[in-house]
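# Topology and contacts: notes
The chain contents come next:
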Amino acid sequence: MPPVQSPETEHPETEHRAKVITFFQQKGGAGKSTDAVNVAAVLGENNPSADPDDPDCPCPVVAAGIDLQGSLEKWARKVPAKRLPFDYVVTRGRLGEIPDLVRDPSVRRIVVDTPGFADIDPEADLDAIDPLGKGPAAEAMREILDLTDLALVPIVPVETLTHDPAEYTVERLLRPRGIKFRMVINNWDSGTDRTKADLKDMQEWCNKRGYPYMPQAVRRYKLHAKAPEQGLTVIQYPESGTALRAREDFYKLALAVEGLI
Ligand SMILES: Nc1ncnc2c1ncn2[C@@H]1O[C@H](COP(=O)(O)OP(=O)(O)OP(=O)(O)O)[C@@H](O)[C@H]1O
Ligand SMILES: [Mg+2]
């Protein structure tokens, strides 16, 4: 008869592993930070800390920024601590912090915002195993790539400057490592694209390459563009018609994320 396992050996603490959702896109400006903060906010609302009134009580959702500028922090610091539904860390390229978080038993989800990587190492050998080159920023990216459970690649309809870099991101960073990925059609101007022709073109672009995309596109709303300055995430948007529609996209996106991890 096999030995009866104690609960400790069935669920040793070392088995805990938070899920890591990371936004990657070689080109800046497609929406990595906007999408990362708002997905983290919705996931955080659904996974509240044990005592939301105690700012020292850890949140199960952590938003992490790994860029050297720490741009995530600029946004998160403007949101009053009591209204922030996630903890955040800004590693500024330091290694080891995200792996520690992944093993932290109080953490369930880590949403990572990465920098555009076109400028990480201008001397990089583009034929090498990946195009990141050398240096601390490249090492920080590789650390995150190794930990990522789901990669999300934002891409903007009509803005063709985001398209080739999205393809490059998938082909050079994600597919060679076998990382599960989804494209996120972001900043779609649904107000002018009434016939959805631009949206359909973007979906077709993904289909042609065999790139799966999230079912919900994130529409373009001024509210999203103003939110970092105002210290808001979607969960604090007002309960008005437009704000509800703007928020809805991120609720659907976060729901789809949960279904994939
Ligand atoms: N859905 C949206 N609606 C309105 N504005 C948006 C939307 N998504 C992104 N933006 C705006 O587009 C700009 C670029 O977005 P963001 O900073 O998130 O991109 P990024 O990929 O993080 O860029 P970088 O690589 O430079 O950090 C910002 O001004 C942001 O407010
Ligand atoms: Mg950014």
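Reading guide: rules and limits
- Residues numbered from 1 in each chain as written.
- Chains lettered and ligands numbered in written order.
- Predicted model: local features only at pLDDT ≥ 70, side-chain atom pairs only at ≥ 80, totals over all residues.
- Heavy atoms only, no water.
- Phe/Tyr/Trp six-rings, centres within 6.5 Å; stacked < 30°, edge-to-face > 60°.
- Helix = DSSP H or I, 4+ residues; strand = E, 2+ residues; numbered from the N terminus.
- Buried < 20%, exposed > 50% of the residue type's maximum accessible area, 1.4 Å probe, protein only.
- Pairing = 2+ DSSP bridges.
- Right-handed = clockwise from strand over helix to strand, strands pointing away.
- Near = heavy atom within 4 Å.
- Polar contact = N/O pair within 3.5 Å; in protein donor to acceptor, adjacent residues only side chain to side chain.
- Areas by Shrake-Rupley, 256 points an atom, 1.4 Å probe, with all protein chains shown as cover.
- Nonpolar A, V, L, I, M, F, W, Y, C, P; charged D, E, K, R; others polar.
- Axes fitted to C-alpha atoms, helices over the stretch in contact; angles between N-to-C directions.
- Parallel < 35°, antiparallel > 145°, perpendicular 65-115°, else oblique.
- Contact = heavy atoms within 4.5 Å.
- Core = buried A, V, L, I, M, F, W, Y, C linked by side-chain atoms within 4.5 Å.

### Looking at the packing of aromatic side chains
Throughout the structure, instances matching the rule amount to 2 aromatic pairs. Taken together, a centroid distance of 5.8 Å and an interplanar angle of 80° make the contact between F181 and Y211 edge-to-face. Pair noted here: F181 is in strand β6 (residues 181-185) and Y211 is in the loop between α7 (197-209) and α8 (222-230), with a separation of 30 residues, a long-range link. Residue class for F181 comes out buried when judged on its relative accessible area of 8%. With centroids separated by 5.9 Å and ring planes inclined at 70°, the aromatic side chains of W205 and Y211 adopt a geometry described as edge-to-face. Accessibility assignment for this pair places W205 and Y211 in one class, buried.

### Quick word on the pairing of β6
For β6, a buried count of 5 out of 5 residues is recorded, marking the element as mostly surrounded by other parts of the structure. Side chains of β6 alternate between two faces, with F181, M183 and I185 and R182 and V184 buried alike. The pairing of strand β5 (residues 150-155) with β6 spans 5 bridges and is classified as parallel. Each bridged residue has a counterpart across the sheet, and for A151 the counterpart in β6 is F181. The parallel pair β5 and β6 is bridged by helix α6 (residues 163-174), and the resulting crossover is right-handed.

### Some thoughts on the site of ligand 1
For ligand 1, the set of nearby residues contains 16 residues, the closest of which are G29, K32, S33, T34 and Y221. Contacts to ligand 1 include G29, whose backbone N or O atom sits 2.8 Å from an oxygen atom. The separation between an oxygen atom of ligand 1 and a polar side-chain atom of T34 is 2.6 Å. A total of 630 Å² of accessible area belongs to ligand 1 in isolation, and the protein chains cover 73% of it. By residue number, the principal contributor to the shell around ligand 1 is helix α2 (residues 32-46), which donates 3 residues. Partitioning the shell around ligand 1 into residue classes produces 4 nonpolar, 9 polar and 3 charged.

### What to know about the packing of α2 against helix α9 (residues 241-260)
Interaxial distance between α2 and α9 falls to 9 Å at its minimum, and their mutual angle equals 75°. As the angle between them shows, α2 and α9 are arranged roughly perpendicular. Note on element contacts: α9 touches α2 through F250, Y251, L253, A254 and E258, opposite T34, D35, N38, V39, V42, L43 and E45.

### Considerations on the sheet that holds strand β1 (residues 19-23)
One open sheet accounts for 6 strands, arranged β3-β2-β4-β1-β5-β6; its pairing is parallel. This sheet does not close on itself; its edge strands, each paired only once, are β3 (87-90) and β6. Between one strand and the next, the sheet's axes are offset by a mean angle of 20°, whatever the strand orientation. Judged from the 3 bridges that link them, β1 and β5 form a sheet pairing that is parallel. Paired with T22 across the bridge in β5 is A151. Its contacts with the sheet put helix α3 (residues 71-78) on β2 (61-65), β3 and β4 (109-113), and the angle it makes with β3 is roughly 150°.

### Quick notes on the nonpolar core
Grouped together as the largest cluster of nonpolar side chains are 40 residues, with contacts concentrated most on I110, L174 and M183. In terms of residue count, helix α5 (residues 136-147) provides more of this core than any other element does, 7 residues in total. Not counting residues within four places of it along the chain, the set of residues in contact with M183 comprises V153, I155, A166, V170, W205, C206, Y211, P212, Y213 and M214. Counting 37 residues, the second largest nonpolar core, distinct from the first, contains V111, L152, V218 and F250.

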